Amino acid sequence: QVQFVESGGGLVQPGGSLRLSCTASGPIFSIFAMGWYRQTPGNQRELVAIIRRGVSGDSTNYADSVKGRFTISGDVAKGTVYLQMNSLKVDDTAVYYCHGDIDARDGHLTANTHYWGKGTLVTVSS
């Protein structure tokens, strides 16, 4: 089965850093974009950062709340993406989810779908 698996979450003090990783596996024909989202209890899941493949190369975008502090990188075609989080704030505490926009393989067919990882918890606390 197709899987997106996150790792790297944990407890960090305000001002500290963490690096999250996500690896895709399974019957994937191609990956067009990968990204990170986060969610806290009672709130909507929100975009953190996305990296997309394009004819002119990869492009990225970020939520305003993380610009200048977080950096997304990786090899989207190979299904690996990272999120370097610096200058972490208490408000960054959330479950972080990896997301992929992919063509999944099903025998001789492919289908454009979206997949989510199960999430990794980031806790920023003193």
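It should be noted that the structure appears before, not after, this text.
In every chain, residue numbers begin from 1 and rise along the written sequence. Whole-chain, interface and lining totals are the exception, using all residues; otherwise, since this is a predicted model, local features are given only for residues with pLDDT of at least 70 and side-chain atom pairs are given and counted only at 80 or more. The basis for the side-chain values is all heavy atoms of the structure; hydrogens and waters are excluded.

Asks: When you look at the nonpolar core in this model, what are you seeing that I'm missing?
Replies: Taken as a class, soluble globular proteins show a tendency for nonpolar side chains to be buried jointly. In this text, buried Ala, Val, Leu, Ile, Met, Phe, Trp, Tyr and Cys residues form a nonpolar core when linked through side-chain atoms within 4.5 Å. Three labels apply to residues, based on accessible area from a 1.4 Å probe with only protein chains included: buried if under 20% of the type maximum, exposed if over 50%, partly exposed otherwise in between. One finds F4, W36, L83, M85 and Y96 to be the most contacted residues of the largest nonpolar core, which totals 30 residues. In this description a helix means any DSSP run of H or I spanning at least four residues, a strand means any run of E spanning at least two, and both kinds are numbered starting from the N terminus. For this core, the secondary-structure elements that each account for two or more residues are β3 (18-25), β4 (28-39), β5 (46-52), β7 (70-75), β8 (80-85), β9 (94-106) and β11 (120-124). Per element, the largest residue contribution to this core is five residues, and it comes from β9.

Asks: What is the right way to look at the state of the cysteines in this model?
Replies: Covalently bonding the sulfur atom of one cysteine to the sulfur atom of another cysteine gives a disulfide. The disulfide criterion is simple: two cysteine sulfur atoms within 2.5 Å. Per the stated rule, a full pass over the model turns up one disulfide. Disulfide pairing places C22 opposite C98 at an S-S distance of 2.0 Å. The disulfide joining C22 to C98 has a torsion of about -85° about its S-S bond and is therefore left-handed. In this pair, C22 sits in strand β3 while C98 sits in strand β9, placing the two residues 76 residues apart along the sequence. Given a relative accessible area of 0%, C98 falls into the buried group.

Asks: How do you make sense of the environment of G42 when you look at a structure like this?
Replies: Among the secondary structure elements, G42 is positioned in the loop between β4 and β5. Overall, the relative accessible area of 85% leaves G42 in the exposed class. Separated by 71 residues in sequence, G42 and T113 place their C-alpha atoms 26 Å apart.

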